[in-house]
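# Architecture at a glance
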Amino acid sequence: MKKYLLFLFALIIMSCSKDDFSEQSIESKIVVEGWIEEGDYAQVLLSSSIPVTDVIDSTNVLNHVIRSAKITISDGQTSEVLRVKNDKNRVPPFVYYGTTLKGEAGKEYSLKIEYLNRVVEAITTIPKTVELKSAEYVKKNVTDTTGYVFVKFDDPLEDKNYYQVATKIDTEEPVFVPAFYGNLDDKNFTEPSVSIQINRGILLFPKTKFTPYFADGDLIYVKLRTQNKEALDFWNSWQNEIVNSKNPIYPSNTSLKSNIKGGIGIWAGYGQSTIIVKTPPKK
């Protein structure tokens, strides 16, 4: 199962001074990053917002993860309560996940989170998937050991579409990471046949030093997602925070867009198409 997350809870910084969630219920907020993709099960990440005075590192992020909430998703006919699992490849390693409701294009999915005296809710739909035609690793010079990924797809003229391109490097990145400037509105396309360069996105707490390009020896998973306007607005605002502050852990302000009632963050449905790109072996 392909996984994707950006540790949203490390990006929302609130000006509160206590660490215990139950003691700062007025000031702190529940932070949600949840999604359900076509052909896959729901996943949700939960945390309490992080005080601006706190040091943001992988250890402190763990202190703000919420692991005991009740999360229910429904398509209007079937409901399921998500379970929590520990994935040691992630930081933090706790994810709520579904096993019953598999995402279907065109369906509406509700999210309800119950934690302490809080109730957090959201609704999303899954857009139609648009297939990736190709994804190719390209270097400017034959002697280069690094390069970029170029993707091609056809934007359906009869539909209004918003996209996100994300990548994951096998064994190096445990999750899909949104490409830098990889959130796309088809109103900006000049023709239905789309060809764009993909720059590697930023993963929080990476195992190695971040570089905006890919390298020889990488096995790259490239994913094209269709998304709703709410998700596009959220991810664009998230990206703007990175650009403005030049630090993904401390955004310049807390103006991230959200479709969460009673909290902050995103609950999104995605269509998805994935291609694996093999680069030349390292020399």
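This part takes up the sheet that holds strand β10 (residues 118-125). Strand pairing in a sheet is mediated by backbone hydrogen bonds. Such pairs are either parallel or antiparallel. Taken together, the four strands give an open sheet; going across it, the order is β6-β5-β9-β10, and neighbouring strands pair in antiparallel fashion. The outermost strands of the open sheet, each flanked by one partner alone, are β6 (79-81) and β10. Neighbour-to-neighbour, the strand axes of this sheet turn through a mean angle of 15 degrees, independent of strand direction.

Quick look at the sheet that holds strand β7 (residues 83-86) now. Pairing in this open sheet of eight strands is mixed, and the strands run β7-β8-β3-β2-β18-β17-β13-β14 from one edge to the other. What marks the edges here is a single partner per strand, and that holds for β7 and β14 (177-185). Each neighbouring strand pair of the sheet contributes to a mean axis angle of 30 degrees, computed without reference to strand direction. As defined by bridge partners, strand β13 (residues 162-169) adjoins β14 across five bridges and the pair is classed as antiparallel. Within β14, the residue paired with Y163 across the bridge is L184.

In this section: unusual backbone geometry. Most peptide bonds take the trans configuration, and most residues that are not glycine carry a negative phi. Even without glycine at this site, L116 takes up a positive phi of about 50 degrees. Following the sequence through the fold, L116 ends up in the loop between β9 (108-115) and β10. One non-glycine residue with positive phi stands out, namely T171, at about 70 degrees. Along the chain, T171 falls in the loop between β13 and β14. Judged by its relative accessible area of 69%, T171 is exposed.

On to the environment of P281. Along the chain, P281 falls in the segment after β18 (264-278). Judged by its relative accessible area of 63%, P281 falls in the exposed class. Placed 66 residues apart in sequence, P281 and A215 show a C-alpha to C-alpha distance of 9.2 Å. Those residues in contact with P281 that sit more than four places away from it in its chain are D216 and G217.

Right, let's get into the pattern of salt bridges. Within the structure shown, the criterion is met by 11 salt bridges. Here D75 ties to K107 by a salt bridge, and the two come within 3.4 Å at their closest N and O atoms. Of this pair, D75 sits in the loop between β5 (70-74) and β6 while K107 sits in the loop between β8 (94-102) and β9; the two residues are 32 residues apart in sequence, bridging distant segments of the chain. D75 gets classed as buried once you look at its relative accessible area, which sits at 16%. For the salt bridge of D216 with K139, the shortest nitrogen-to-oxygen distance reads 3.4 Å. With D216 in the loop between β16 (214-215) and β17 (219-227) and K139 in the loop between β11 (132-138) and β12 (146-154), the pair connects residues that are 77 residues apart, well separated along the chain.

Rules and cut-offs
- Residues numbered from 1 in each chain as written.
- Predicted model: local features only at pLDDT ≥ 70, side-chain atom pairs only at ≥ 80, totals over all residues.
- Heavy atoms only, no water.
- Pairing = 2+ DSSP bridges.
- Helix = DSSP H or I, 4+ residues; strand = E, 2+ residues; numbered from the N terminus.
- Axes fitted to C-alpha atoms, helices over the stretch in contact; angles between N-to-C directions.
- Buried < 20%, exposed > 50% of the residue type's maximum accessible area, 1.4 Å probe, protein only.
- Contact = heavy atoms within 4.5 Å.
- Salt bridge = Lys/Arg side-chain N within 4 Å of Asp/Glu carboxyl O.

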